[in-house]
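So the chains spell out like this:
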Amino acid sequence: MTLACLQGIWYNGVAMEEEIDLRAYIEVLFRYWPWIAGLALVAAIVAFIVSSLLPATYEASAIVLVTQPRYQMQFDPRFGTEDRTPAYRAFPTLATSDGVLQSVVNTYVPSPEAHVNEWKLWALSKMVEASSEGDPSLVVLEVRSRSSKDAAAIANLWADVLAQQGNEIYGQSQQDAAFFEKQVAQAKQALDKADTALIEFQARNQASIVSAQLNSLRRTQTDYLADQRTIAYIIQDIQGLCDQLAEQPGSQPVSLGDSLTALFLQMQAFNAQTSAAVQLQVESGATLSDKSLSEQIAFLEGLAATLQAKSAEIDSRLAELEPQILASQQKLQEIEVESDQLTRARDLAQETYVTLVRKLDEARIAAQEQNGTLQVGSYAAVPEKPAGPRRLLNTA
């Protein structure tokens with residue numbers, strides 16, 4: 001039977017096929033198989049001898065579980081506890097970090113059976129390995145040592161150190177309670193200061209006095225405006241009566257009706273200039289019609305001039321009232337703004353103090369909880385059989 005394969009080659013730019021015969025290679029293998037088998041056997045024997053001469057090593061494993069807190073305390077909804085999801089992938093790296101391993105080195109001293117010449121960080125780093133083994137919710141801590149007891153002891157201590165430092169990072173601790181105690185003390189000082197400032201302000205608060213003065217000025221202004229409006233109406237009526245009288249013949253005496261109208265306008269003018277109402281009693285119509293037409297017009301014009309002078313005087317008084325009202329409004333607003341600022345500062349300080357007190361109680365209770373984010377799920381037992389060297393595996 002012929003064994004061959006085809007290989008593509010190029011000759012003058014044209015693809016050609018060349019036949020390769022494999023019988024030559026197979027014949028070489030059959031010719032030198034004793035040497036090949038002998039060398040493989042020698043290598044296996046050497047591997048078995050070297051593995052037998054190596055000292056026995058033991059492996060111990062401890063398991064640390066990554067859990068969620070069982071309780072999420074929140075005494076005040078305005079100051080919520082952040083939901084800190086554990087960084088699962090970070091825990092194997094944290095386990096082999098210098099800080100964690102150095103704590104193990106400082107705490108534990110291996111026995112002479114471990115044959116550790118120099119107990120340093122680098123020595124422990126060669127003995128340990130941390131992994132999740134496909135499950136991020138646990139960390140498997142493996143320790144290799146020539147002493148079975150030391151392997152188990154180091155693994156268990158390593159698990160305790162990892163759980164302690166991990167809980168300090170991801171859980172509540174006494175440091176959190178101390179932090180909130182300091183914040184509560186500062187908030188109490190701020191609250192006392194805000195209360196004192198508000199009390200001192202109330203001792204000099206003139207809001208009610210200024211408000212009463214402002215209301216009085218506004219009432220006076222309203223009265224002046226009402227008098228001025230009434231005077232304007234009376235002047236219009238007087239002008240209308242004068243125009244009506246001017247249309248009448250000069251020889252004709254003033255009628256009783258016009259005289260009564262003039263008298264009524266005169267009464268309104270007096271009532272506009274005094275707070276007390278003026279009342280006149282007419283006994284006979286003859287006493288009202290003794291004036292001539294020109295005299296009646298002159299009287300009405302004089303009354304209108306008097307009312308115009310009164311209106312000008314009211315304008316002057318209104319001009320004097322305006323800056324007083326504006327100044328009172330400004331002063332009252334300044335007082336109210338200061339009062340609002342001090343009140344808001346006191347309310348904010350009080351709210352902050354109450355919130356921090358509740359958060360302090362929450363931190364104190366959380367710090368007493370025994371179950372943290374990291375818990376030792378299983379401590380390592382003292383291995384009974386060595387894990388290495390693996391003579392059969394090395395030989396194979």
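By convention here, each chain's residues receive numbers from 1 onward along its written sequence. Under the rules for a predicted model, residues below a pLDDT of 70 receive no local features and side-chain atom pairs below 80 are neither given nor counted, while totals for whole chains, interfaces and linings still include all residues. Values shown for side chains rest on all heavy atoms present in the structure; no hydrogens or waters enter the calculation.

Enquirer: Whenever I open this one, the packing of helix α3 (residues 98-107) against helix α5 (residues 148-170) confuses me. Can you help?
Expert: The packing of two helices is summarised by the inter-axis angle and the distance between the axes. For the pair α3 and α5, the least separation of the axes is 9 Å and the interaxial angle reads 130°. By the angle between their directions, the pair α3 and α5 is classed as oblique. Our pair here, α3 against α5, has a crossing hand that is right-handed. From α3, Gly99, Val100, Leu101, Ser103, Val104 and Thr107 reach across to α5, where they touch Ile154, Leu157, Trp158, Val161, Leu162 and Gln165. Nonpolar residues are Ala, Val, Leu, Ile, Met, Phe, Trp, Tyr, Cys and Pro. Charged residues are Asp, Glu, Lys and Arg, and all others, Gly as well, are polar. The class makeup of the residues in the contact of α3 with α5 is eight nonpolar, four polar and no charged. As a rule, the C-alpha atoms of each element are fitted with a line to give its axis, helices using only the stretch in contact, and angles between N-to-C directions run from 0 to 180 degrees. Under the DSSP-based scheme used, a helix requires at least four consecutive residues in state H or I and a strand at least two consecutive residues in state E, with every element numbered from the N terminus. Convention used here: angles under 35 degrees read as roughly parallel, angles over 145 as roughly antiparallel, angles from 65 to 115 as roughly perpendicular, and any remaining angle as oblique. Note on convention: the crossing is left-handed when the near helix lies turned anticlockwise from the far helix by less than a right angle, right-handed when the turn is clockwise. By definition in these notes, contact holds between two residues if any of their heavy atoms fall within 4.5 Å.

Enquirer: Looking at this structure, how should I read the nonpolar core?
Expert: Proteins that are soluble and globular tend to have nonpolar side chains buried together. In plain words, nonpolar cores are sets of buried Ala, Val, Leu, Ile, Met, Phe, Trp, Tyr and Cys residues tied together by side-chain atoms within 4.5 Å. When a residue's accessible area, from a 1.4 Å probe over protein chains only, is under 20% of the maximum for its type it is buried; when over 50% it is exposed; and in between it is partly exposed. Core analysis: the biggest nonpolar cluster contains 32 residues, and Leu124, Val139, Leu141, Ile154, Trp158 and Leu162 have the highest contact counts within it. Put simply, the parts of the chain that give this core at least two residues each are β3 (58-66), α2 (90-95), α3, α4 (121-127), β4 (128-131), β5 (138-145) and α5. The biggest single contributor to this core is α5, with ten residues. If we ignore the near neighbours within four places in the chain, the residues touching Trp158 are Ala95, Thr96, Val100, Leu101, Val104, Val128, Glu129, Ala130, Leu141, Glu142 and Val143.

Enquirer: It is not clear to me how helix α7 (residues 207-246) should be interpreted in this structure. Could you clarify?
Expert: In an α-helix, one turn spans 3.6 residues, which is why side chains three or four residues apart end up on the same side. Under the convention used throughout, the expected extent of a helix is 1.5 Å for every residue step, that is, one less than its residue count. In this model, α7 (40 residues) spans 58 Å end to end at C-alpha, consistent with the 58 Å of a helix rising 1.5 Å per residue. Listing the buried residues of α7 in full gives Val210, Leu214, Leu217, Tyr224, Gln228, Ile231, Ile234, Ile235, Ile238, Leu241, Cys242 and Leu245.

Enquirer: Would you take a moment to explain a nonpolar patch on the surface for this structure?
Expert: On the surface, a cluster of nonpolar side chains totalling about 560 Å² of accessible area is made up of Val28, Leu29, Tyr32, Trp35 and Ile36. The residue Ile36 is located in helix α1 (residues 23-53) in this model. A residue is classified by how much of its surface remains accessible, and Ile36, at 48% relative accessible area, is partly exposed. Here the term patch refers to residues with relative accessible area over 30% and no salt bridge, with like charges joined within 9 Å and nonpolar side chains (Val, Leu, Ile, Met, Phe, Trp, Tyr) within 5 Å. Residue burial considers only the protein chains on display, and all accessible areas are found by Shrake-Rupley using a 1.4 Å probe. Whenever Lys or Arg places a side-chain nitrogen within 4 Å of a carboxyl oxygen from Asp or Glu, that contact is recorded as a salt bridge.

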